[in-house]
Structure formats: C-alpha cells, structure tokens
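Chain by chain, the residues:
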Amino acid sequence: MRLRSGVFASSCLLVEALGVALFLRGFFPVPVRSLPRREARGDPPAEPVPPGPGMVSNWTKIPPPLFKKVVIVLIDALRDDFVFGSKGKQFMPYTTQVVEKGTSYSFIAEAKPPTVTMPRIKVDDNVTRHLDKVLKREDWDLLILHYLGLDHIGHMTGPKSPLVGPKLREMDNILKKIHISLLSKEEASLPNLLVVCGDHGMSETGSHGGSSDGEVHTPLLFISSAFEKRSGPLTQPGFVQQTDLASTLAVGLGLPISRNSVGNLILPVVGGKTMREQLRFVHLNGFQLSRLLQENTPAYEKDPGYEHFKIAEKSHGNWIKLYLEGNNSEILLNLGKKVLKQYLEALKTLSSSLSKQVAQYDVYSMMVGTVIIMEVLLLLLLSLPKALSSQAEFEVSLSPLLFSLLFYLMCLMLCAVHVIVCTSAESSCYFCSMSWLTAVGVMMLISALMCSILSAIAKIFENSRPPLKNPVVSSSSWSEIDVLILAGTIGHVLSLGASSFIEEEHQTWYFLINTLCLVLCQELCRNNFLLKEWDPQHSTTVKQNFDSIGEASECKNIDIPAARNSKLGEATSSTEFIKRSDKWISLASPWIILICCRLLRSLNQTGVQWAHRPDFGHWLTSSEQKSELSFLAAVSLLMIFFLVQRRCSLVSKIAMVLGLLGVYSYRAAIGNVIFPWQHASKGISKGITEARFVYVFVLGIVFTGTKDLLKSQVISADSSVKSTGLWEVYSGLVLLVALLFRPHNLPVLVFCLLIQTMMTKYIWRPLKFDAAQITIMHYWFGQAFFYFQGNSNGIATVDVSAGFVGLESYVEIPAIFLTAFATYAGPLLWAIHLLCYLSSEVSRNSAAVGHGCFCYALMRSVPVAIYIVLVTGLRYHLFIWSVFSPKLLYEGVHVFITAAICLFFTAMDQNHSHKVQD
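A. Examining the side chain of R79 more closely. Looking at where R79 falls in the secondary structure, it is placed in the loop between β2 (70-75) and α2 (81-84). You can call R79 buried: its relative accessible area is 8%. A distance of 2.8 Å separates polar atoms of two side chains, one belonging to R79 and the other to D81. Beyond its immediate sequence surroundings of up to four residues, R79 is in contact with P159, G201, M202, S203, E204, G214, H217 and P219.

B. Representation of the packing of aromatic side chains within the structure. Scanning the entire structure with this criterion turns up 32 aromatic pairs. Summarising the aromatic geometry, the rings of W509 and W780 are spaced 6.4 Å apart at their centres and angled 70 degrees between planes, so their arrangement reads as edge-to-face. Here W780 lies in helix α31 (residues 771-788) and W509 lies in helix α22 (residues 505-530), a separation of 271 residues in the sequence. Overall, the relative accessible area of 2% leaves W509 in the buried class. Take W780: its relative accessible area is 1%, and that puts it in the buried class. Linked through ring pairs, F23, F27, F28, Y361 and W881 together constitute an aromatic cluster. One cation-aromatic arrangement involves K69 over W140; the distance from NZ or CZ to the ring centre is 4.4 Å. If you follow R647 out to its NZ or CZ, it ends over the ring of W727, 3.8 Å from the centre.

C. Representation of helix α11 (residues 275-296) in the model. When the terminal C-alpha atoms of α11 are compared, their 32 Å separation across 22 residues agrees well with the 32 Å that a helix rising 1.5 Å per residue should span. With 17 of 22 residues buried, α11 lies mostly within the body of the structure.

D. Structural detail: the packing of α22 against α31. Two elements in contact, α22 and α31, have axes separated by 9 Å at closest approach and are oriented at 135 degrees. Looking at the two axes, α22 sits oblique to α31. When you trace α22 past α31, the crossing you get is left-handed. On α31, the residues touching E505, H506, W509, Y510, L512, I513, L516, C517 and L520 of α22 are M777, Y779, W780, F781, Q783, A784, Y787 and F788. Across the contact of α22 with α31, the residue classes tally to 14 nonpolar, two polar and one charged.

E. Spotlight on the sheet that holds strand β6 (residues 217-223). In space, the six strands of this open sheet follow the order β4-β2-β5-β6-β3-β7, with mixed pairing throughout. On the outer flanks of this sheet lie β4 (142-147) and β7 (238-241), each paired with one strand and no other. Between one strand and the next, the sheet's axes are offset by a mean angle of 25 degrees, whatever the strand orientation. In this sheet, β6 lies alongside strand β5 (residues 193-197) in antiparallel orientation, the contact comprising four bridges. Across the sheet, C197 pairs through a bridge with L220, a residue of β6. Seen against the sheet, helix α8 (residues 164-184) touches β2, β4, β5 and β6 and runs at an angle of roughly 165 degrees to β5. Taken strand by strand, helix α10 (residues 244-252) contacts β2, β5, β6 and β7, and its axis lies near 170 degrees from that of β5.

F. Structural detail: the pairing of β5. Here β5 lies mainly inside the structure; five of its five residues are buried. Side-chain alternation along β5 places L193, V195 and C197 on one buried face and L194 and V196 on a second face that is also buried. Examined bridge by bridge, β2 and β5 share five bridges and lie parallel to one another. Across the sheet, the residue bridging to V71 is L194, located in β5.

G. Summary view of the state of the cysteines. Using the criterion set out here, one finds one disulfide in the structure. Between the sulfur atoms of C422 and its disulfide mate C432 the distance is 2.0 Å. Given an S-S torsion of about -85 degrees, the disulfide between C422 and C432 has left-handed geometry. Of this pair, C422 sits in helix α17 (residues 405-424) while C432 sits in helix α18 (residues 430-433), and the two are ten residues apart along the sequence. Judged by its relative accessible area of 22%, C432 is partly exposed. The cysteine C597 is free of any disulfide, with C517 supplying the nearest cysteine sulfur at 5.6 Å. In this structure C597 comes out as buried when scored by relative accessible area, which is 2%. Free of any disulfide, C853 has its nearest cysteine sulfur in C902, 3.7 Å distant. C853 gets classed as buried once you look at its relative accessible area, which sits at 1%.

H. Structural context of the pattern of salt bridges. Counted under the stated rule, the structure contains 14 salt bridges. Across the pair D81 and R79 runs a salt bridge, and its minimum N-O distance is 2.8 Å. For E480, the salt bridge goes to R526, with nearest N and O atoms at 3.0 Å. Pair noted here: E480 is in helix α20 (residues 480-495) and R526 is in helix α22, with a separation of 46 residues, a long-range link. For E480, a relative accessible area of 30% gives the class partly exposed. Three or more residues are tied together by salt bridges with common partners; here these are E505, R860, K887 and E891.

I. Structural context of the confidence of the model for the protein chain. Per-chain confidence: the protein chain averages 83 in pLDDT, with 86% of residues scoring 70 or above. When mean pLDDT is compared element by element in the protein chain, α31 scores highest at 95, while helix α23 (residues 536-552) scores lowest at 38. Predicted confidence is poor over residues 532-578, with pLDDT under 50, and the contacts of this stretch with residues over four places away or in other chains come to 51 contacts.

J. Broad picture of the environment of L135. You can see L135 is positioned in helix α6 (residues 131-136). Considered as a pair, L135 and L182 are 47 residues apart in the sequence and their alpha carbons are 8.2 Å apart.

Analysis parameters
- Residues numbered from 1 in each chain as written.
- Predicted model: local features only at pLDDT ≥ 70, side-chain atom pairs only at ≥ 80, totals over all residues.
- Heavy atoms only, no water.
- Helix = DSSP H or I, 4+ residues; strand = E, 2+ residues; numbered from the N terminus.
- Buried < 20%, exposed > 50% of the residue type's maximum accessible area, 1.4 Å probe, protein only.
- Polar contact = N/O pair within 3.5 Å; in protein donor to acceptor, adjacent residues only side chain to side chain.
- Contact = heavy atoms within 4.5 Å.
- Phe/Tyr/Trp six-rings, centres within 6.5 Å; stacked < 30°, edge-to-face > 60°.
- Lys NZ or Arg CZ within 6 Å of the ring centre and 35° of its normal.
- Expected span 1.5 Å × (residues − 1).
- Axes fitted to C-alpha atoms, helices over the stretch in contact; angles between N-to-C directions.
- Parallel < 35°, antiparallel > 145°, perpendicular 65-115°, else oblique.
- Left-handed = near helix turned anticlockwise from the far one by under 90°.
- Nonpolar A, V, L, I, M, F, W, Y, C, P; charged D, E, K, R; others polar.
- Pairing = 2+ DSSP bridges.
- Disulfide = S-S within 2.5 Å.
- Salt bridge = Lys/Arg side-chain N within 4 Å of Asp/Glu carboxyl O.
- pLDDT = per-residue confidence, 0-100.

Dropping the structure here:
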C-alpha cells in the first residue's frame, strides 16, 4: 500500500495527539481526597487530657457557633489594591472606612496559580434584585453572593478601564446595605459576620490565570461587631492563604472542618475568645490536617508537621490538666500562649506538606503517553528522506508488520506490565481505570509503532547504496538558510529547559525571525548582484526558473511579475525576470519586514519581566485615546480589505466589505470605538446583533470557498478553481479574526497580511525556495505572531472575551472554539496561507503540499516531545505550576490544532495523485 507524505504526517499527528492527551491527563490528575470514613461526621476528637485519676474533659463536642448569620460576598477578580489602594478610597469609601476605623480584620489572601475559574456571563442585577427580600427573612444562616461583573469588565477592557470605578462603587453600596442590615438584626447572644473576598485578582491586561501579584493577591475582610474597634494607625494587612477561609468559616459556624481542607485557622477571627476555646479550635484544625496527612502519606509519622502537632498536643494536655485543677495564675496564661504558638507552627507545617500532595502525578499514564509521543517523533525523523522525495510516497506493508512474531511478543510483554502496574499501584491511575479493550488497543498501537521504527531502521542498514539526491532539496552543501533553520530549531528546543526562557519565549522567536530576515536579505543581494552569467550552476537554475515562471504566468490566479513581456532568449541573470523597480522592492522587503516586526513588538508587551511596562496597546485602550483608536481601527479594516480582496470573487468582495463594516459596528456597539458622528459612548450594548451580522458573511465567504474546493475535488481537477476556493476560505478566516481581535490588535492582522504578501511576491518566488524551507518560515512567523498578539506562556493572556462575541450566554462549544481560534490566530493564518501558496504555485513539484504538511507536523512534534520529557524531569521544580505547566497546556492545544490543520492539508492534496499518474 502506497501512502502519501501528507496522509502519513496527519496519521502520526493524530496518534501523537492521543499520547499528549494521555500525558496531560496523568500530569493534571484529580486532586487527592480524604478516604471515606465510617465514623460519624459530627464526632470530633476530645480535648487532649493526660492519663490520671479525675482527669476527664467535659468538652467532647464541636464548639458552638461564634456567629449567628454569615454573609459571604465574593466579588470575582477583586484585586487587593481595589480595596486597600487608591481606588478603594475613591470608589469604595464605606468599605475603606470600616477597614480603617471599624470593627474588622483585613488580610491579603494568596491564591495558588493557575488562578482560573469557570467562565460564564451573568449582567450582577440578577444577584442584587433578590437581596432586600432575603435579608428580611430569618430562615437562613449562611448567604453567599457571587458578583461577576468586575471580572467581565477586566476581561473586556482591563483594570484601568473607566467602567471599573462605577462597578466598585456599586459593590460598595451593596456591602453598606448588607452591613447595616446585619447590624440592625443582631441579638445580644451572637453577633453576625460579613466576609468580603475575591476568588482571584486580575493582571495588568485584565485577565487571570498566572502568578503575578495582581492575579494572586485578593482582599479578605471579616467585618463583625464581635471584633474590637480599631484604634491607632492602619497597619499593612497580613498575608494568609486563600484555603484558610474554609477552616475559619467552619469554626465560626460551629461546623466540623472539611476533611479535604488544607487551610489553617485565621486566629485573629477567634482572638476574642478564651484561651481554652482558642486552643480547642486549633486542636481541631490540627487533628483534621494530621488525619488528612495520614491518609495520603505512607511515612506520615516522620513528617515534621505531624511531629510538631504531637508535641503541641502533649503540651495542650498539660495545660488542660492545670486548667481542670483550677489554676488561674499568670503561669497558665503564658503556658497557653506557648501552646498556641506550637499549634500554629504545626498547622503551618502540616498545611505546607499537604499542599505539596494535593495533586499527585499519575506517572504510569504519563509514561505511556511519553512513549507514544517519542515513537511518533522517531518515526517521523526516520521517514524524513522518503517524505521529502520527489514522489513523497511510502510503500507501507501492514500485513508482515501485524503478523510478525515481534509484534505479538511486544503486545504480550506490555499487557503483562500493565497488569503488574495496575494491580500493585497504591494510588489511582487513569490508564488503569480504562477498559481492558481500550488498554489492549493502546498496547497494540505502541507495539505497531515500535515494529515500524525497527523496520525503518533495518531498511536503512540494508540499503548499501548511498541515498539518491533529493530533487526537491538537492544541494551539495548547506545554505545559510538551512543552517539557520537547523540551529534555530535546536536552540529553541534547548531553551525550553529553563523557566526564564519559557517566560520570555517571545524573545527567542523575535530573534529568530529577525535573523531570518537578515539572511534573506543576503540571499536577495547575492541573487541580484553577485551571480554572474558565466556561472554554470546559476545558468541552469535560470533556465529552470524561466520555464517554471513562464508556465506559472499562464495561471490567472497567480501574481507573476511582469516577466512575460521580456525576451526569453536574452535572459542571462535573475534580474531580467522582474522589473527594475520590483528588484529594489525585493531588496527592501526584508528591511520593511524588520520595521513591521519592530512596530508589532511595541504594540503588546508580553512575557513576565517587561509585561508591566506601558506599551502602545495600553495607550490606545485608555479612554482618552478613543478617537485615535477608532481612526486606527478604521484604517486597519480598510487595509485588511485591500490586502485580501484581490484574490476574491466579486460576491466575496462585497461580503468582505459588509463584514468589515459590521466589525467596526460591533466594536462601536460595545464601546471600544466611536463613529465620527458619535460624541459620547451612549447606548453601549453587547453588540450581539452586529456580531451575528458579521458571522453571516464569514459563513458565506467560507461556504463559497468550500463550494469551489468541492468542485475541484469531485467534479474536475481544476487547479485554478481549487486555488480560488482556498483563498476564499482564507479570506473568510481573516474576517473572523478581525471580528475577534480587539481594536488595538487589528494592526497585527494588517502586518500579518502585508508580510505574507511581500514575502510571496518579492522573496519566495525570486529565490525559488523549496517547500520545506517555505514551510519552516511560515511556522516561525506563525509562532512570532502568536506573541505579537499579546499572548504569552501564561494563562492570564488568553483573551476569553473572544469566546463571548455574539453570544447572549455562555455556550461551551462555540466559546471554546472562538477562544482557541482567537488565541492561535497567528499560527492558523500562517498555516492556511502556506497551503494556499503551495497549492497555487503550479510551477512547483506536485508533492509540494505533502512536503509542507510533513514539515509542519515535524516542526510541531520536535518541541512537544522534548518538552514533555523535560517537564517529566522537572515536575518537582519550584516553578512547575506557575511556568512549566501553563506552557505544557499551550503545547498540548497546539498539537491538537496542528493535527486539524494537517488533516485539511491532506484533504487538499488530491492533485498529487493525478500528477503522479500523468
């Protein structure tokens, strides 16, 4: 059976995606939970009392509640400086007054990255409109209010948006209403408690998910008349862990602490109680944490936290003995403070130990996934010579492979290993929980891949003759471009082992494309000035270029410089293929591209080290520059039309014009930009109608292109119809990106189209690069434009607002698709442009699309395979959750997207079979 390069690469990527999914499932397992217990939930441990006559504690139950009613106001994305900073004094005056002069305790709660919550849309009025009615009722003990408006504002316009102030003022009025209501209903027996907190903060771009201070630092306020009124100057709020809230609220409500909680009791909240009560509270907390440690750590007795807890428990028993004996001296109080300090140190150590074990790695699933990924990479590398040959086809014999003794022996061995691991594993394993049929299928896949690798290696050794020169990449020596591609790929992969290089990976790609532009400039100078007519090798190349361009000029959909009017017989150098003006434009193209890239770098600061610095994007998105942003958006949309319309049909051109007008109307509707006749941002809406108006034209353009593609594939193998269809689909995707991009990011799309146009006309065609080199250039520029958008390797830079464009509520599938498409718009557009370019260049080898598909798959497989090995070795690194894990998610999603792209490549690579037969 003969297999094309594109089909082979797509199949390998699908198998690799399976391995990546299995590895991610093992790397991000379900958190470890407490084992189910038979004893009743309400039976707490008794006070520690030393053995002796008459030493019996009369306190064996859960302590009574400290508060009658508790109201928790969770304000999504509430940063600490929104309450404790200048914005708090300006927009939350009542809350600030309570913090500075009232009866309250204030803290800064640290959230652990990744600081991500489930996305959803609710306009906050749905929460507030029932508040007055609920506060008047007496049939509740705990009330939780979750306000999402601030988070939505942050995602849309950032923390410096003019909409933040009114939202904070709204929250302040709600807190004032709740506080006054709780004070008016207090009884003499028990006070009420108001808790104000945030689930996470927001970064300087308005998103969250990373580990910056703005994302992980949230305010935590306890407001109650039970606390002493603050006196003296305001001190800096202390730091607590966000997980400490659960155990503190359990104690305050008189409930048992959750068995899975890893938090500590926030002592100041119960500081007004007697010493015996305080010791009882921390003992319950310590007992719960030590019990959780026992169930998750085999050698728990050697843990420092457990040892400290036992020492504190023993001291606690001595204190109880003195207390029951009626000793009320100063010695008892000082001893109680010492025991309390011992308990707090033990709680801190226990919580730290448990936090490291909350999520254990599923090493077996990780290993199975890694084996699949590495086998695919090795198979791709071994298949490289045949994949890039002129035929770009493989002779695959499945029968000898699947019926070989080695295959069955490997299957039996792997199944035996699977049985041993799954029966002896102490912890749960995802791969072991799968059905035996699925597990055996994975083992057979691993065995088949291994046999294929061994067969490929054997064929290499059996072939005693030196391999034939590849017509596609025929060169006796490596060019500067080849050296740069190899060195850049290796250098980038090696950089993934350092956390700082991952945080600033955009710098690597910026350096690579800048270096690439300089090398292209050298190639253009050599091609136009240094090659002489007596150069035999060049004369042959000139003749071949002549023939190919003459043939390509007959295609109506390809832009060929005005070489058809030149006299073919008088051509002695490559400068005669193009006009003199085009020659100078060609020489200037790399420098123009460098200028464009430098401007794009100034648009969005990304990474970690310089992300806080102001950039052109921040200046444009400020409310004072709305007119400038509107002008830039209008000019960008106009440029987008001129750059994509030349390959579209008349109907698609009209649809593109209306769609781009709809894009501007949508941004005006939601208040990002204004029309010239619009003087104020009145009537701001969700823009649902305008966005759906654009979606209609996107679908229309894509449908038109798909119709042409189906016509070329099914009815007639017409390359011109196929090329037109591909450019139509590409134009529709460009329109969708224009809709999803924020207005200040539209220049990124403009420069993307401009660079693609310049490189197509003035670099790739004159220099006659092969499909493999052009594919790698597309891949590099796609990666660079991923970061030009403002993306990074942190989750906080994901623009989740793109997932809500045109939606009234959160719909999972469309939201995931739109968010992923907007995030990977740069790599996607460059990949689709690669397919359009290779398919439209009829002068190229018929296997060019297959070569491009294979190279694209290989360029994606190399970094993901190496990075997975690195992450496995660095899984206990200090920055594993804040740096390496988010990057792993990006790499995994990129593999899935690349697999879909290669499938599209394969579907479009139908002309190859026809040309080979001819």
